[in-house]
Amino acid sequence: MLLRLSLTLVALLICAGDVAALAVLLTWQERAADPDSRRLRLLRAVLPATSVLLLVLLGTIFSLMMLWSPQGAEALASL
């Protein structure tokens, strides 16, 4: 039980970090000097990084759901 709680705490910290990183990325993109710079930042940095961060966020939430489901711990251990 203690392992589940500690893994849940780590997962929640990862989720909070992902949301904070997304906010920083979007703020950084909006603070560009001109519209062309904003567009370049969006295409070169924000979209790829956002894709990776959202993938990590969804994977973390999936792992949490598997961890707390009745047979989830055994299924995660077999991976």
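Residues numbered from 1 in each chain as written. Predicted model: local features only at pLDDT ≥ 70, side-chain atom pairs only at ≥ 80, totals over all residues. Heavy atoms only, no water.

## So, the packing of aromatic side chains
Under the defined criterion, the tally for this structure stands at zero aromatic pairs. For R4, the ring lying beneath its charged end belongs to W68, and the centroid distance is 5.2 Å. (Phe/Tyr/Trp six-rings, centres within 6.5 Å; stacked < 30°, edge-to-face > 60°. Lys NZ or Arg CZ within 6 Å of the ring centre and 35° of its normal.)

## Concerning the packing of helix α1 (residues 2-30) against helix α2 (residues 35-68)
Two numbers describe how α1 lies on α2: the axes approach to 10 Å, and their chain directions differ by 165°. For the element pair α1 / α2, the angle class is roughly antiparallel. Relative to α2, the crossing made by α1 is left-handed. Its residues assigned to classes, the contact of α1 with α2 shows 23 nonpolar, four polar and five charged. (Axes fitted to C-alpha atoms, helices over the stretch in contact; angles between N-to-C directions. Helix = DSSP H or I, 4+ residues; strand = E, 2+ residues; numbered from the N terminus. Parallel < 35°, antiparallel > 145°, perpendicular 65-115°, else oblique. Left-handed = near helix turned anticlockwise from the far one by under 90°. Nonpolar A, V, L, I, M, F, W, Y, C, P; charged D, E, K, R; others polar.)

## Quick word on α2
Structurally, the α-helix is built with 3.6 residues per turn, so residues lying three or four positions apart point the same way. Between its first and last C-alpha, α2 extends 46 Å over 34 residues, near the 50 Å set by a 1.5 Å rise per residue. At L42, α2 shows its maximal kink, close to 45°. Listed in full, the buried residues belonging to α2 are V46, T50, L53, L57, T60, L64 and L67. Close packing links the buried residues of α2 with α1 and α3 (72-78). (Expected span 1.5 Å × (residues − 1). Bend = angle between axes of the 7 residues up to and from the residue. Buried < 20%, exposed > 50% of the residue type's maximum accessible area, 1.4 Å probe, protein only. Contact = heavy atoms within 4.5 Å.)

## Concerning the UniProt feature "transmembrane region" (unreviewed entry) in the protein chain
Those residues carrying the UniProt feature "transmembrane region" (unreviewed entry) are residues 45-68 in this numbering. Measuring from the first to the last C-alpha atom of residues 45-68 gives 35 Å, for a span that is 100% helix and 0% strand. (UniProt positions renumbered as here; feature names shortened; annotations may be inferred.)

## Structural notes on the environment of M1
Its location among the elements puts M1 in the segment before α1. Taking the C-alpha atoms as reference points, M1 and D18, separated by 17 residues in sequence, lie 26 Å from one another.

## Observations concerning the environment of R4
With respect to the helices and strands, the residue R4 is situated in helix α1. Of the residues examined, R4 reaches a relative accessible area of 25% and is grouped as partly exposed. Between the alpha carbons of R4 and D34 there is a distance of 48 Å; along the sequence they are 30 residues apart. Here the side chain of R4 touches L67 through a polar contact of 3.4 Å, landing on its backbone oxygen. (Polar contact = N/O pair within 3.5 Å; in protein donor to acceptor, adjacent residues only side chain to side chain.)

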